[in-house]
Amino acid sequence: MARAAVPRRLSGRLQWRVATLTERRRETDSAATLVFDVPDWPGHLPGQHVDIKLTAEDGYSTERSYSIASPAEGDRIELTIQRVHDGEVSPYLLEGLGVGDPIEIRGPIGGWFVWRDTDPDPVVLVAGGSGVVPLMAMVRARKAAGSRIPFRLIYSVRTPEDMLYANELRARVRDDMGLDIAYAYTREAPPDWPGEVGRLKLATVATHGWPPDLMPACFVCGPTGFVEAVADILVAQGHDPRKVKTERFGPTGT
């Protein structure tokens, strides 16, 4: 089985590289996955992110950070981009950047909010909205490595139409042994939804996560308010705060 690659080199990994967009896959009405070929990519761990730099003809440049959605696979990386209303970068990435166009990428970045397939602990992943992106990299890396570490993903999303990777998640629940997925809808649920609609609650995390006595590794990603609330829930349940790792994002990126 292929395994998630540890970065091959430390020196030079934070240099800017010229990547080429090779594919765009629509995920929702406001989000898409962009596939880049990055020559001499040093490899990455699930949970890491990259910086993207855009430079205008007049020399003005701006940078944003985006989580990597894919496990390590040669010189190929995937980024799932959510359009930010009135954003400066995301509209261009989703609509202006064409297949074959170059872009500057720097990374991988981050070494704390990562999962390694050698870690023996069960894993609970809690995602809010597009915070599912780095957690999806972990789910995919688990499968790619042939790992049997049990994973539980709790995915909070506004509506079914806002869900990223919906078809893939349904297939993984069926095919990935040891992976369980639970959903929470904050604004609108499917017609046959048996649960409540609203913010993620302690009862949902307790029911669909791992109990504290199993000492699971906990990864929480989403907007700041969501992340803080979930982290508080996990600690209140008795989870070791040192094993609750969080990543939050705002309008300008991760």
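Scroll up to find the structure.
This report concerns the structure included in the present document. This one's a predicted model, so the numbers in the text were calculated from it and none came from an experiment.

1. Notes on the overall build of the chain
Then, in step 1: The helix and strand tally for the chain stands at five helices and eleven strands.
Then, in step 2: Over its C-alpha trace the chain gives a radius of gyration of 18 Å, about what one expects of a compact globule, namely 18 Å for 254 residues.
Then, in step 3: Over its C-alpha atoms, taken along the principal directions, the chain stretches across nearly 55 × 40 × 30 Å.
Then, in step 4: Here the chain, with 254 residues, has 47% of them falling under the buried criterion.

2. Observations concerning the packing of helix H2 (residues 132-145) against helix H3 (residues 166-175)
Then, in step 1: Their axes nearest at 12 Å, the elements H2 and H3 cross at an angle of 40°. Considering only the axes of H2 and H3, their crossing is left-handed. Contact with H2, carried on its side by Met136, Val139, Arg140 and Lys143, involves Glu168, Leu169, Arg172 and Asp175 of H3 and no other residues of that element.
Then, in step 2: Here the residues of the contact of H2 with H3 sort into three nonpolar, no polar and five charged.

3. Notes on a negative patch on the surface
Then, in step 1: Among the surface-exposed residues, Asp29, Glu161, Asp162 and Glu188 lie close enough to one another that they form a single negatively charged patch.
Then, in step 2: Secondary-structure assignment places Asp162 in the loop between strand E8 (151-157) and H3.

4. Quick look at the environment of Met163
Then, in step 1: Tracing the backbone shows Met163 in the loop between E8 and H3.
Then, in step 2: By relative accessible area, which is 7% here, Met163 ends up buried.
Then, in step 3: Taking the C-alpha atoms as reference, Met163 lies 20 Å from Asp175; in sequence the two are twelve residues apart.
Then, in step 4: Other than its neighbours up to four places away in sequence, Met163 contacts Glu27, Thr28, Tyr155, Val157, Tyr183 and Tyr185.

5. As for the pattern of salt bridges
Then, in step 1: Enumeration according to the criterion identifies 20 salt bridges in this entry.
Then, in step 2: For the salt bridge of Arg76 with Glu73, the shortest nitrogen-to-oxygen distance reads 3.0 Å.
Then, in step 3: Among the residues examined, Glu73 registers a relative accessible area of 45% and is labelled partly exposed.
Then, in step 4: In this structure, the salt-bridge partner of Arg242 is Asp240, at a minimum N-O distance of 3.0 Å.

6. Thoughts on unusual backbone geometry
Then, in step 1: Here Gly107 and Pro108 are connected by a cis peptide whose omega angle stands at 5°.
Then, in step 2: When you line up the elements, Pro108 lands in strand E6 (residues 102-109).
Then, in step 3: Positive phi, close to 65°, is recorded for Asp40, a residue that is not glycine.
Then, in step 4: What makes Asp40 partly exposed here is its relative accessible area of 44%.
Then, in step 5: If you check the backbone angles, Tyr165 has positive phi at about 60° while not being a glycine.
Then, in step 6: One can find Tyr165 in the loop between E8 and H3.

7. Some points on the side chain of Arg140
Then, in step 1: Relative to the elements of secondary structure, Arg140 occurs in helix H2.
Then, in step 2: Among the residues examined, Arg140 registers a relative accessible area of 9% and is labelled buried.
Then, in step 3: Excluding residues within four positions of it along the chain, Arg140 makes contact with Ala69, Ser70, Pro71, Glu78, Tyr165, Glu168 and Arg172.

8. Looking at the sheet that holds strand E7 (residues 123-128)
Then, in step 1: Across the sheet, five strands lie side by side as E9-E8-E7-E10-E11; this open sheet has parallel pairing. With partners counted over all chains shown, the strands left at the sheet margins are strand E9 (179-185) and strand E11 (244-249), one partner each. The sheet shows a mean angle of 10° between the axes of neighbouring strands, taken without regard to direction.
Then, in step 2: Bridge analysis of E7 against E8 gives six bridges, and the strand direction is parallel.

What counts, and where the lines are drawn
- Per chain, residues are indexed from 1 in the order of the written sequence.
- Note on the predicted model: pLDDT of at least 70 is required for a residue's local features to be given, and 80 or more for side-chain atom pairs to be given and counted; whole-chain, interface and lining totals, by contrast, use all residues.
- Only hydrogens and water are set aside; all other atoms, that is, all heavy atoms of the structure, feed into the side-chain values.
- Per the convention used, a helix needs a DSSP run of H or I reaching at least four residues, while a strand needs a run of E reaching at least two, with both numbered from the N terminus.
- For a compact globule the rule gives 2.2 Å times the number of residues to the power 0.38, and the radius of gyration it is set against comes from C-alpha atoms.
- Accessible area is worked out with a 1.4 Å probe on protein chains only. A residue is then buried under 20% of its type maximum, exposed over 50%, and partly exposed in between.
- Every angle, taken between N-to-C directions, lies between 0 and 180 degrees, and every axis is a line fitted to C-alpha atoms, over only the stretch in contact when it is a helix.
- Working rule for handedness: look at the near helix, and if it is turned counterclockwise from the far one by less than a right angle, call the crossing left-handed; if clockwise, right-handed.
- Pairs of residues are marked as contacts when any of their non-hydrogen atoms sit within 4.5 Å.
- Lys, Arg, Asp and Glu make up the charged group, whereas Ala, Val, Leu, Ile, Met, Phe, Trp, Tyr, Cys and Pro make up the nonpolar group; the residues left over, Gly among them, are polar.
- Patch definition: residues with relative accessible area over 30% and no salt bridge; like charges joined within 9 Å; nonpolar side chains (Val, Leu, Ile, Met, Phe, Trp, Tyr) joined within 5 Å.
- Surface accessibility follows the Shrake-Rupley procedure with a 1.4 Å probe radius. Residue values consider only the protein chains on display as shielding.
- What counts as a salt bridge is simple: a side-chain nitrogen of Lys or Arg found within 4 Å of a carboxyl oxygen of Asp or Glu.
- Residues scored as positive are Lys and Arg, those scored as negative are Asp and Glu, and His as well as the terminal groups of each chain are ignored.
- Charge positions are represented by NZ for Lys, CZ for Arg, CG for Asp and CD for Glu.
- By definition, two strands form a pair when at least two bridges between them are found by DSSP.

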